[in-house]
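Summary of the model geometry
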Amino acid sequence: MEKEYDVIALGELLIDFTMNGQSAQGNPLFEANPGGAPCNVLAILRKLGKKTAFIGKVGNDQFGHLLKQTIEEAGVLTENLVMDEEVHTTLAFVHTLPDGDREFSFYRNPGADMMLREDEVSEEAVGKASIFHFGTLSMTDKEVRKATLKAVKSAKEQGLLVSLDPNLRPPLWSSLELAKEQMEQAMEYCDILKISDNEIQFISGKEDYDEGIQYIREKYQIPLICLTLGKDGSRAYYKDLRVEAPGFAQEHVADTTGAGDTFCGCVLNYILEHGLENLTEENLKEMLTFANAAASLITTKKGAIRSMPEKEEIEKML
């Protein structure tokens, strides 16, 4: 059956305020970067020539309109983006630490992204795609969790591949126990899991990454798991294969926001082109290498949705 789009994603769409120097008075200046992990994934997929659509909610305010316009300019379909009249668009302030790591302060109590309701999710829209992608930030609160699970179950029933990036942000959860429980619930539906080094330790309780992955594979039977290791590259676990690819070092790292999402989008792009059935060791190595290169390129620019690398730039780096 001919699908209308390749990937549909559900989740948060928000403004990431990132530090951008100081004013003449010595006050910190922040830049309003459109962000939100699921849309970052869709933005890189668009750069790679795939059709994408988004399900989510922003406020009917200046930031909500900026976000809608931004993802439309990136080529993402927005007919399933709801504008909330009551609740403002979610904001996140990103503080970069001296070692390049990040801390987040969220203005989301509530924020529009967590107000998405079950009746605002169209099962028909979900069925128009080949892959459904989501994270767990749309599972932090009861109503949006119901909306997310409706979409995920609908995707499964309609034969889509389901992709998950847990994207752990501790400040957004009422407790880390709830975060772990919801991540585990999400994994029950998942065919493709993209998980970071600290998330695998969090969820499995094991220091060793391979042991952590083994625990998840035995429990949830996920066909493809990709583990990201920051500048050290990534690994793929598929059937009895474990494949590793080194990272690409960049001399100048501006901002690591969106690197994991760029990686994730490249993995989904590869699966759309090669399927999930008969991947070889060579396939997995090729997939990881391309995804690592793209992820390293995004770190040289601020922000994510508007900073996605072009396909030619990634190929040139390879």
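What follows deals with the pairing of strand β11 (residues 224-228). Two faces make up the sheet, and in a regular strand the side chains alternate between them. In terms of residue burial, β11 counts as a mostly covered element, since 5 of its 5 residues are buried. In β11, alternate side chains face the same way, and those of Leu224, Cys226 and Thr228 on one face and Ile225 and Leu227 on the other are all buried. Judged from the 5 bridges that link them, strand β10 (residues 192-196) and β11 form a sheet pairing that is parallel. The residue of β11 that forms the bridge with Leu193 is Ile225. Here β11 pairs with strand β12 (residues 234-238) via 5 bridges, running antiparallel. Along β12, the bridge assignment pairs Ile225 with Tyr237. Counting the residues between successive antiparallel strands, the hairpin from β11 to β12 contains 5 residues, one of them, Gly230, with a positive phi of roughly 60°.

What follows concerns the nonpolar core. Core analysis: the biggest nonpolar cluster contains 52 residues, and Leu13, Leu224, Val267 and Met287 have the highest contact counts within it. Of all the elements, helix α9 (residues 281-298) adds the most residues to this core, at 10 residues. Residue contacts for Leu13: discarding those within four places in its chain leaves Gly35, Gly36, Cys39, Phe54, Lys57, Val58, Leu67, Ile71, Leu81, Thr89, Asp113 and Ile305. The next biggest cluster of nonpolar side chains, apart from the first, holds 44 residues, and it includes Ala129, Met139, Val144 and Leu229.

Let us look at the packing of aromatic side chains. A ring pair, where both rings are aromatic, is described by two values, the distance of the centres and the angle of the planes. Under the counting rule described, the total for this entry stands at 6 aromatic pairs. On the numbers, 5.7 Å between centres and 85° between planes, the contact of Phe17 with Phe63 is edge-to-face. Placement of the pair is Phe17 in strand β2 (residues 14-22) and Phe63 in helix α2 (residues 62-73), with a sequence separation of 46 residues. Ring geometry for Phe30 and Phe93: centres 5.2 Å apart, planes at 85°, overall edge-to-face. Residue Phe30 is found in strand β3 (residues 28-35), and its partner Phe93 is found in strand β6 (residues 91-96); the two are separated by 63 residues along the sequence. Look at Phe30 and you get partly exposed, because its relative accessible area is 29%. What links up through ring pairs into an aromatic cluster is the set Phe17, Phe30, Phe63, Phe93 and Tyr107.

Cut-offs applied
- Residues numbered from 1 in each chain as written.
- Predicted model: local features only at pLDDT ≥ 70, side-chain atom pairs only at ≥ 80, totals over all residues.
- Heavy atoms only, no water.
- Buried < 20%, exposed > 50% of the residue type's maximum accessible area, 1.4 Å probe, protein only.
- Helix = DSSP H or I, 4+ residues; strand = E, 2+ residues; numbered from the N terminus.
- Pairing = 2+ DSSP bridges.
- Core = buried A, V, L, I, M, F, W, Y, C linked by side-chain atoms within 4.5 Å.
- Contact = heavy atoms within 4.5 Å.
- Phe/Tyr/Trp six-rings, centres within 6.5 Å; stacked < 30°, edge-to-face > 60°.

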